[in-house]
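Chain residues, written in single-letter form:
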Amino acid sequence: MDLLYRYYSCPLSAAGLAIVIFAFFRVFSKNTEKRRMENNKWLAFENSVSRKVRLIRDRWKYRNTHVFRKCPGCKAVLRLKKIKGSHNVCCPHCKKSFKVKVL
């Protein structure tokens, strides 16, 4: 057991040390424009993930009182009151009107 631990812990320790050294290199880098571009990419990724999580949370929260439909024009997700029947809806983003059927 001890031999197995030594065998696997050495590469993991080396990989961890390499990651720490790389992180320090990146933190103290002088190329601020490149770091700014990387940060913008990260923020865009984080924003898209948080938007999807928020949509899932809202769909669960309002599942009894609202329905969610996508606008055919701009693909924005709209939250509509759950009133049975066929309705004309105007998208607040692109101002396109379309029919929605709620069951």
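Residues numbered from 1 in each chain as written. Predicted model: local features only at pLDDT ≥ 70, side-chain atom pairs only at ≥ 80, totals over all residues. Heavy atoms only, no water.

Q: What exactly am I supposed to notice about the pattern of salt bridges here?
A: Where charged atoms from two side chains of opposite charge approach closely, those side chains can pair. As enumerated under the stated definition, the model contains four salt bridges in all. Put simply, E38 and R26 hold a salt bridge, and the shortest N to O gap is 2.3 Å. You can see E38 sitting in helix α2 (residues 32-61) and its partner R26 sitting in helix α1 (residues 2-27), a full 12 residues away along the chain. With its nearest N and O atoms 3.7 Å apart, the salt bridge here joins R57 to D58. Each member of the salt-bridge network shares a partner with another, and the members are R26, R35 and E38. (Salt bridge = Lys/Arg side-chain N within 4 Å of Asp/Glu carboxyl O. Helix = DSSP H or I, 4+ residues; strand = E, 2+ residues; numbered from the N terminus.)

Q: Even after reading the chapter, I still don't get a nonpolar patch on the surface, so can you show me in this structure?
A: A grouping of W42, L43, F45, V49 and V53 is seen on the molecular surface, where their side chains present a nonpolar patch of about 490 Å² in accessible area. Relative to the elements of secondary structure, L43 occurs in helix α2. Here L43 falls in the partly exposed class, since its relative accessible area comes to 41%. (Patch = residues over 30% accessible without salt bridge, like charges linked within 9 Å, V, L, I, M, F, W, Y side chains within 5 Å. Areas by Shrake-Rupley, 256 points an atom, 1.4 Å probe, with all protein chains shown as cover. Buried < 20%, exposed > 50% of the residue type's maximum accessible area, 1.4 Å probe, protein only.)

Q: I would appreciate a short explanation of the packing of aromatic side chains in the present structure.
A: By convention here, two paired aromatic rings are described through the distance between centres and the angle between planes. Under the counting rule described, the total for this entry stands at two aromatic pairs. On the numbers, 6.2 Å between centres and 10° between planes, the contact of F24 with F28 is stacked. Across the pair, F28 and F24 agree in class, each one exposed. Aromatic pair W42 and F45: ring centres 5.6 Å apart, planes at 45°, arrangement tilted. Residue W42 and its partner F45 are located together in helix α2, separated by three residues, close to a single helical turn. According to the relative accessible area criterion, F45 is partly exposed, its value standing at 47%. For R63, the ring lying beneath its charged end belongs to W60, and the centroid distance is 3.8 Å. The ring of Y62 carries the charged tip of R79 above its face, separated from the ring centre by 4.2 Å. (Phe/Tyr/Trp six-rings, centres within 6.5 Å; stacked < 30°, edge-to-face > 60°. Lys NZ or Arg CZ within 6 Å of the ring centre and 35° of its normal.)

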